[in-house]
Amino acid sequence: MPQEKVIAREAEINGRYIIAAPEEYGAAGSMRKRRMIIIVFALVLLIIVCAAAGIYSKIRIGGDDALRDARNVRIAMRAAAIEIYGMNASLYDTSAINGLSKRAESEIRTLSGADGDIILNAWDVSDMEPVSFIYRNDGYTVYYSRNTGTEENSWKVYYSLLLSEY
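This report concerns the structure included in the present document. (Residues numbered from 1 in each chain as written. Predicted model: local features only at pLDDT ≥ 70, side-chain atom pairs only at ≥ 80, totals over all residues. Heavy atoms only, no water.)

Under the criterion given, the structure shown has 5 aromatic pairs. When the centroid spacing of 5.2 Å and the interplanar angle of 35° are considered together, the rings of Phe133 and Tyr144 count as tilted. Taken together, the residues Phe133 in strand 4 (residues 129-137) and Tyr144 in strand 5 (residues 140-147) connect sequence positions 11 residues apart. Taken as a pair, Phe133 and Tyr144 share a single burial class, namely buried. Relative to Trp155, the ring of Tyr144 has its centre 4.6 Å away and its plane inclined at 45°; by these criteria the two rings are tilted. With Tyr144 in strand 5 and Trp155 in strand 6 (residues 152-159), the pair connects residues that are 11 residues apart, well separated along the chain. When its relative accessible area of 1% is taken as the criterion, Tyr144 is described as buried. Since its relative accessible area comes to 21%, Trp155 is described here as partly exposed. Taken together, the aromatic side chains of Phe133, Tyr144 and Trp155 make up a single cluster linked through ring pairs. (Phe/Tyr/Trp six-rings, centres within 6.5 Å; stacked < 30°, edge-to-face > 60°. Helix = DSSP H or I, 4+ residues; strand = E, 2+ residues; numbered from the N terminus. Buried < 20%, exposed > 50% of the residue type's maximum accessible area, 1.4 Å probe, protein only.)

As a further point, take the sheet that holds strand 4. Taken in spatial order, the 4 strands make up an open sheet running 3-4-5-6, and their pairing is antiparallel. Both edges of this open sheet fall to strand 3 (117-124) and strand 6, since each of them pairs with a single strand only. The sheet shows a mean angle of 10° between the axes of neighbouring strands, direction not considered. Bridging between strand 4 and strand 5 involves 6 bridges; their strand directions are antiparallel. Each residue of the ladder has a partner; that of Phe133, found in strand 5, is Tyr144. (Pairing = 2+ DSSP bridges. Axes fitted to C-alpha atoms, helices over the stretch in contact; angles between N-to-C directions.)

Set out below in C-alpha cells:
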C-alpha cells in the first residue's frame, strides 16, 4: 500500500457509521462560517441603511410641517394686516424685536395656529404682504423672501441640531 493518503475515515457514533473526508469536512465548516459572516454583515448594513432612511424621513416630515406653518403665518399676516390697517394701525413695528406690533403678533398666532417664533424683516405697505420673514420652531428655520421685481416667492427650510452643550 504505497498510498498513505487517507481519503475517508469511518467512525461509529451512537451505533451509526459515518464516512467523512477530513478535507471536505473542514472546507464545509469554513464555508458555513463565511456564509454566517456575510449574512451578519448584510443584516448590519441593512439596519444602518434603514436607520438612516428613518432619520432622514423624520427630519423631512418635520421640515414639511414647519413649511406648512410658515405658509399659514404668511396668509395670517396678510389677513391680520387688512384688519389692523382698517383700524388705522400698523402691523409692522420697527421698535419691536420681531418687527410686529403686539396686536399683530397675537392676531397672527391666532389665525395661523403656529406656535414658533416669527420675525418680520420687511413689509410691503402697498401690497399689504410680507417681503421677508423668518419662522422658527423645534429646530427648523424657514426663510421667506419675495422678489418684488418678479413676484416670485422663495422658501428655504433648514434644520439645526444641537451637537453639544457646555
